[in-house]
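Read off the chains here:
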Amino acid sequence: THTVDIVVLDMIMAPGQNGRETYEKILKIHPRQKAIIASGFAEDDDVQATLALGAGIFVGKPYTLEKIGAAIYKILHT
């Protein structure tokens, strides 16, 4: 299998699955997978549940390169 250092997940995706559900499936394969949650909406219950699962940071859209870069740096260096 291939591994990645970090996953950036959008909370709103194609019908049938959201970012939390996707992260739950990822964790079954890679239990310690680091992730950033991105959304154009406020931190709702799904975002909070995803963070509770272990996703490191919520980044609101639209985000700048500096903002997403800082989030990635923080997660990879903690």
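It should be noted that the structure appears before, not after, this text.
These numbers were taken from a predicted model, which means no experiment stands behind them.

**Describing helix α1 (residues 19–29)**
Restricting attention to buried positions, one finds in α1 the residues G19, R20, T22, Y23, I26 and L27. Angular distribution of buried residues about the axis of α1 spans 155 degrees; they occupy a single face of the element. Of the residues in α1, the exposed ones pointing more than 90 degrees away from the buried face are K28 and I29. Looking at the buried side of α1, the elements it contacts are β1 (7–10), β2 (35–39) and α2 (45–53).

**Observations concerning the pairing of β2**
Of all 5 residues that make up β2, 5 are buried, and the element is covered over most of its length. Both β1 and β2 contribute to a ladder of 4 bridges, which runs parallel. For V7, the partnering residue across the bridge sits in β2 and is A35. Read as a crossover between parallel neighbours, the route from β1 over α1 to β2 is right-handed. Bridge analysis of β2 against strand β3 (residues 57–60) gives 4 bridges, and the strand direction is parallel.

**Focus on the pattern of salt bridges**
This model, assessed by the stated rule, comprises 4 salt bridges. When the shortest N-O distance is used, the salt bridge between E21 and R20 registers 4.0 Å. Where E24 meets R20, a salt bridge forms, and the shortest distance between an N and an O atom there is 3.1 Å. Remark: R20 and E24 occur in helix α1; sequence separation between them is 4 residues, near one turn of the helix. Overall, the relative accessible area of 32% leaves E24 in the partly exposed class. Each member of the salt-bridge network shares a partner with another, and the members are R20, E21, E24 and D46.

Calculation rules
- Residues numbered from 1 in each chain as written.
- Predicted model: local features only at pLDDT ≥ 70, side-chain atom pairs only at ≥ 80, totals over all residues.
- Heavy atoms only, no water.
- Buried < 20%, exposed > 50% of the residue type's maximum accessible area, 1.4 Å probe, protein only.
- Helix = DSSP H or I, 4+ residues; strand = E, 2+ residues; numbered from the N terminus.
- Arc of directions from axis to C-beta.
- Contact = heavy atoms within 4.5 Å.
- Pairing = 2+ DSSP bridges.
- Right-handed = clockwise from strand over helix to strand, strands pointing away.
- Salt bridge = Lys/Arg side-chain N within 4 Å of Asp/Glu carboxyl O.

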